[in-house]
Amino acid sequence: MQEYKAYLDETLSFEDRAKDLVSRMTLEEKVFQTLHTAAAIERLGVKAYNWWNEALHGVARAGVATVFPQAIGLAATFDEDLLEEIADVISTEGRAKFNAQQKYGDYDIYKGLTFWSPNVNIFRDPRWGRGHETYGEDPYLSSRLGVRFINGIQGKDEKYLKAAACAKHFAVHSGPEDLRHSFNAECSTQDLYETYLPAFKACVQEANVEAVMGAYNRTNGEPCCGSKTLLKDILRDEWGFKGHVVSDCWAIKDFHEYHKVTSTPVESVALAMNNGCDLNCGNIYGNLLMAVRDGLVEEKTIDEAVIRLITTRMKLGLFDNPEKVPFNKIGYDQVDTKEHLELNITAARKSIVLLKNQDKLLPLDKSKIKTIGVIGPNANSRKALVGNYEGTASEYITILEGIKEYVGDDIRVYYSEGCHLFKKAMSGLGMENDRLAEAKTVCDMSDVVIACFGLDPGLEGEEGDQGNEFASGDKPNLNLPGIQEEVLKELYNSGKPIVLVLLSGSALSIPWADEHIPAIVQGWYPGAQGGRAIAQVLFGDYSPEGKLPVTFYRTTEELPEFTDYNMANRTYRYMKNEALYPFGYGLSYTEFELSNVSVDADKIVPGNNVLCTADIKNVGDMPGAETLQVYVKVKQEGAPNWQLKGLKKVYLNPGQLKTVSIELKDTAFGLYDNEGNLVLHEGEYEVFVGTSQPDARSIALTGKKPYSKIMHSDQTVIL
């Protein structure tokens, strides 16, 4: 009679099946399951599995896939529904590629269903090279977008995960890149809970994210991948996280090599495993065999970790009858489809932020233009389309290509690189500014000039990424690199109308351009179809609707030290100076009016919700979208300026009116104290309802002042 194997019994829970399977493994087999290159166990029918895969803005590093705008651009859409739709496409393509790779026995890196995305770290400092992987500087926006991205990746099947998402890098992680292996990020409990943890908490408690990745750095003295405070006390005990924890890649060897909190590899793996890091991206967990032998780790602790890991693989359907797992039916014809391409262009259009549009220079009227000059190092750059952690697109459309395609034979397009992205000359033997004469000539020949400047992921990114010009991946300042601004000034001096298109993954300091250039567009890294989307927006097929997910500061000098994790004077929530372009700001080609704005309560009562309502009408002559934004200001000493607590994107045709409601829970009025308690304070509050922040700069730029209402709380309570 055949032995009953509970782990193959599909009527049992995944966890019970995983327990049974792990009970049949030897210690050595279990240890090798804790490495990201999990070995096959043929006697138990366990296939090899590589946990490491990436899907930040499309399936990455494994061949052809749809390459969407970089995460920071997706954040600029302020569109939760769009994030879920994109993530759903990503996991469809991920499954299709996985199914094809499995068929041909390809179990390599980047070929699994465990996607190490999203990155929900707070973009605390605009110099951080990896900031473009995040959803910006605001904990609420990052929470909402992170939750919906995870929902899209993991799917809605009652039994199986479509793919497994991973919230990273837990926690208090945002540079400097070149110090990350040894750095101790020190922050108060208040900043920890008010700023650095909310997005992770939402990913765990609202989205049931399957995995959490620890960060490289220490937080308040504890290495994140072995932190009792973060991994046990907060993640598992406080938030009830049931999934698995993975280390950042080779982070555990930093414990003894750079953080110096342990002396040997064996001590390092013991610290990580004992504090709840289940999976090692790297190979150092092989030392767990010695850690058990030396009495530093109990075998049952490894059992718990491997049970969690096997449970994830079972949720993905990897141990079940293939016919029973609905996602096994997704064929390779679902990769890089026409529909996905259309969604990609839509996402790119929605991500574009119109920063300035003096005298309505934009949209350009094709019928009144005979010649266009396209000038700048990002005009024909594929690299500046895609950001990092990217896949391979089957088609890339640069800004130059997008404009040429859009205008066809009707308009002559002249092109010059203008200058190098960061060097002083284009040609190795050329003199400084060796494209200037050409750029001036193009200006002479053109009715309008589209200047394409900014950065690319070779200038901002992860430490160790190939070709980061500034070595670590961080930016030394917020200026346009090299001689870009010098060249831009020469273009301006031509007297021709200039449209400045910035491609970058972060805020740039452009006060001169703000003063002199009539139209400025922030295009981020807009994805493989970005050039098409930018052309469509420049010529008015589509009205810009993006909002800034980060503050554009006036100068680098006003920022605190990069290594200072105190939130004082950082981001719109705590800054004292006026922004050049504020968080939440972005113009449109059409006009929107708010009316009948109301907040349905005068008092904040624990357990009660507050309803904010507004009629929003498109009073312009183009279809467009606007984002209703609700901010809460706690009128307490030391409280943030105000914080985003609600948002809703609305699409309106000319003349169309919609009523929008946003509900605020009591927690929207709370502030964290130094013990990590969320406290509703007795006293006065102000609620702002509008289409931007309530700061003076946003009001000056938009000509609109948000509605505000004073509310009160009669008591101080812990929520």
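Above this text sits the structure in question.
Residues numbered from 1 in each chain as written. Predicted model: local features only at pLDDT ≥ 70, side-chain atom pairs only at ≥ 80, totals over all residues. Heavy atoms only, no water.

**Details of the pattern of salt bridges**
The cut-off we apply is this: Basic side-chain nitrogens of Lys or Arg form a salt bridge, by our definition, when they fall within 4 Å of a carboxyl oxygen of Asp or Glu.
Under the definition given, this model contains 48 salt bridges. If you follow the salt bridges from partner to partner, you end up with Arg-130, Glu-133, Glu-177, Arg-180, Glu-462 and Glu-463 in one network.

**Observations concerning helix 17 (residues 484-493)**
How we decide: When accessible area is computed with a 1.4 Å probe and restricted to protein chains, residues below 20% of their type maximum are described as buried, those above 50% as exposed, and intermediate ones as partly exposed. Elements are defined by DSSP. Helices are runs of H or I of four residues or more, strands are runs of E of two residues or more, and each kind is numbered from the N terminus. The arc in question is formed by the directions pointing from the helix axis toward the C-beta atoms. Residue contacts are defined here by distance: any two heavy atoms, one from each residue, within 4.5 Å place the two residues in contact.
For helix 17, the complete set of buried residues consists of Gln-484, Val-487, Leu-488 and Leu-491. Projected down its long axis, helix 17 carries its buried residues within an arc of 105°, all on one side. Check the buried side of helix 17 and you find it contacts strand 10 (371-375), helix 16 (436-445), strand 12 (448-454), strand 13 (498-503) and helix 18 (511-516). Positive backbone phi, at 85°, marks Gly-495, one or two positions downstream of helix 17.

**A short note on the sheet that holds strand 11 (residues 412-416)**
Counted only if it meets this: Strands are treated as partners if at least two bridges between them are detected by DSSP. The axes are straight lines fitted to the C-alpha atoms, using for helices just the contacting stretch, and the angles between their N-to-C directions are given from 0 to 180°.
Taken in spatial order, the 6 strands line up as 9-14-13-12-10-11 in an open sheet, and their pairing is mixed. For this open sheet the edge positions go to strand 9 (353-357) and strand 11, each flanked by a neighbour on one side alone. Averaged over all pairs of adjacent strands, the angle between their axes in this sheet comes to 15°, without regard to strand direction. Pairing of strand 10 with strand 12 involves 4 bridges; the strand directions are parallel. Looking at strand 12, one finds that Gly-373 is bridged to Val-449.

**Observations concerning the state of the cysteines**
Rules: Two cysteine sulfur atoms form a disulfide, by the criterion used here, when they sit within 2.5 Å.
For the coordinates displayed, the defined rule picks out 1 disulfide. Between the sulfur atoms of Cys-249 and its disulfide partner Cys-281 the distance amounts to 2.2 Å. Because the sign of the S-S torsion sets the handedness, a value of about 85° for the bond joining Cys-249 and Cys-281 places this disulfide among the right-handed ones. Pair noted here: Cys-249 is in the loop between strand 8 (244-246) and helix 9 (254-257) and Cys-281 is in the loop between helix 10 (265-274) and helix 11 (288-293), with a separation of 32 residues, a long-range link. With respect to burial, Cys-249 and Cys-281 carry one shared label: buried. The thiol sulfur of Cys-443 is not disulfide-bonded, and the nearest other cysteine sulfur, from Cys-452, lies at 12 Å. For Cys-452, which is in no disulfide, the shortest distance to another cysteine sulfur is to Cys-419 and amounts to 11 Å. With a relative accessible area of 0%, Cys-452 lands in the buried category.

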